[in-house]
Amino acid sequence: MWRRRLGALLLRSPPSSSSTAASSCQHHRRHLLPSEEPLALNRLARLFTSQAVSDGGNSQKPFIAFVLGGPGSGKGTQCTKIASDFGFAHLSAGDLLRHEIASGSEKGELILDIIKEGRIVPSEITVELIRKAMETSNANKVLIDGFPRCEENRIAFERTVGREPDIVVFFDCPEDEMVKRLLGRNQGRVDDNIETIKKRLEVFESLNIPVVDYYSSRGKVHKINAMGTADEIFEAVRKLFSSLSDWGRLAVEKEKWRAGTGTATQRNPTDLLIAEALEFLDGKRVQSPDCE
Ligand SMILES: Nc1ncnc2c1ncn2[C@@H]1O[C@H](COP(=O)(O)OP(=O)(O)O)[C@@H](O)[C@H]1O
Ligand SMILES: O=c1ccn([C@@H]2O[C@H](COP(=O)(O)OP(=O)(O)O)[C@@H](O)[C@H]2O)c(=O)[nH]1
Ligand SMILES: [Mg+2]
C-alpha cells in the first residue's frame, strides 16, 4: 500500500513541468519569454517545507509568493483560499493602500487620487506598507497580492527587502472576462467603473506584464488559467502548492538519508521509500511495478 502511494507521488509531475510560465500561455503568449533557467525545484520545495515547519513563525526569511494578474483576474479570491489551505499570510497591496486612505493620512489623499485614475502609487509608499505588514505578520509564508505593478515597484521591493520572491503565481484571464467581473464586483470601490477599468487594463498591459516577463525569464512564474469557476481554478492552484509541499518533504528525507540516518543495509519500508525518492530526485527512472 505504502509502495502504491509512493509510486503515485513520484509519478506526479513536479510543478515546473506543468505550469511554469510561457509553456501554455493562452492570453498573454506574446509577452512571456520561455524560461531561461529551469526552476530550482529541489531548492524551492525544500525552502517551502522548511519554512512550513519552522518554529512558530520566527523565521527571518519567509517564503514569498507574488500573486499577479490583471484587474479582476481573481487574485484576491484565490489568495483567500491559498491562505486558508496552506497557511500563508495574505498581504494585498491594494488593501494596504485602501487602509492608508481610510486612516485619513495626508498620504491617503494622494493614494486615493491615483487609485481613482487607475495609475500606480509611488513605489516608496507601497513598498513601505508591504515591508511593515510583513514584519507585523511575522509569518513564514507570505502571499503578496497585486504587487509589483511595474518594474520600478519590483526593483524598489528587491532593494528594500533584499531579495526576490520565491515564486510568482500569474492568473491569466481574457480582458472581456476581467471587465465583466470588475463591473459585477459590487464592493463600492472607486476604481470599479468602466473609465478607470480601461485605464487599469492599459497599465496592466504596459507596466505589469513586463514584471511577469522578467520573472518568467528567471524561471519563477507559474501561470494559471483564470477562466472557470473559482473552485475549478483553485484546483490548479492547489496542485501547485501541494506539489511544492510534497516535493519539499521528499527533498528533506533525501538530505536526512544522505546525512546517514539510512544505510543500504537497512531494508525496512522507510529505507526503500527513501531510496526510491532519492533515485527519482536524482533524475533516474524509478521502477515502480505496483503503479501501472
Ligand atoms: N473564477 C471566477 N469566476 C467568476 N467570478 C469570479 C471568479 N473569481 C473571482 N470572481 C469575482 O470577480 C471579482 C474580482 O475578483 P477578485 O478576486 O477581486 O480579483 P482581483 O483581486 O484580481 O481584482 C469579484 O467580484 C469576485 O467575486
Ligand atoms: O502595488 C500596488 C497595488 C495597487 N495599486 C493601486 O491600487 C489599485 C487597486 O489595486 P488592487 O490590487 O486592489 O486591484 P485588483 O487588481 O485586485 O482589482 C490599482 O489599480 C492601483 O491604482 C498600486 O498603485 N500599487
Ligand atoms: Mg484584488
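Below, the structure is looked at part by part. (Residues numbered from 1 in each chain as written. Chains lettered and ligands numbered in written order. Predicted model: local features only at pLDDT ≥ 70, side-chain atom pairs only at ≥ 80, totals over all residues. Heavy atoms only, no water.)

**Some thoughts on unusual backbone geometry**
Omega for the bond connecting F147 with P148 falls within 30 degrees of zero, at 0 degrees, which places this linkage in the cis form. Examined against the element boundaries, P148 turns out to sit in the loop between β3 (141-145) and α8 (151-161). Despite not being glycine, N138 shows a phi value in the positive range, around 55 degrees. Structurally, the position occupied by N138 is in the loop between α7 (123-137) and β3. Classification of N138 as partly exposed rests on a relative accessible area of 38%. Of note, N186 is a non-glycine position whose phi angle comes to about 60 degrees, a positive value. Take N186: it is sitting in the loop between α9 (175-183) and α10 (194-217). (Helix = DSSP H or I, 4+ residues; strand = E, 2+ residues; numbered from the N terminus. Buried < 20%, exposed > 50% of the residue type's maximum accessible area, 1.4 Å probe, protein only.)

**What about α8?**
What α8 keeps buried is the set N153, R154, A156, F157 and E158. Residues of α8 that are buried make contact with β1 (63-69), α7, β3 and α10. Remark: G162 follows α8 within two positions and exhibits a positive phi of approximately 85 degrees. (Contact = heavy atoms within 4.5 Å.)

**Thoughts on the sheet that holds strand β4 (residues 167-172)**
Within the open sheet, the five strands sit side by side as β2-β3-β1-β4-β5. Their pairing is parallel. In this open sheet, the two edge strands, each paired with only one partner strand, are β2 (89-92) and β5 (221-225). Each neighbouring strand pair of the sheet contributes to a mean axis angle of 20 degrees, computed without reference to strand direction. In the sheet, β2 pairs with β3 via four bridges, with the strands oriented parallel. Looking at β3, one finds that H90 is bridged to L143. Packed on one face of the sheet, α7 meets β1, β2 and β3 and runs near 160 degrees to β2. Sitting on the sheet, α10 touches β1, β4 and β5, and the angle it makes with β1 is about 140 degrees. (Pairing = 2+ DSSP bridges. Axes fitted to C-alpha atoms, helices over the stretch in contact; angles between N-to-C directions.)

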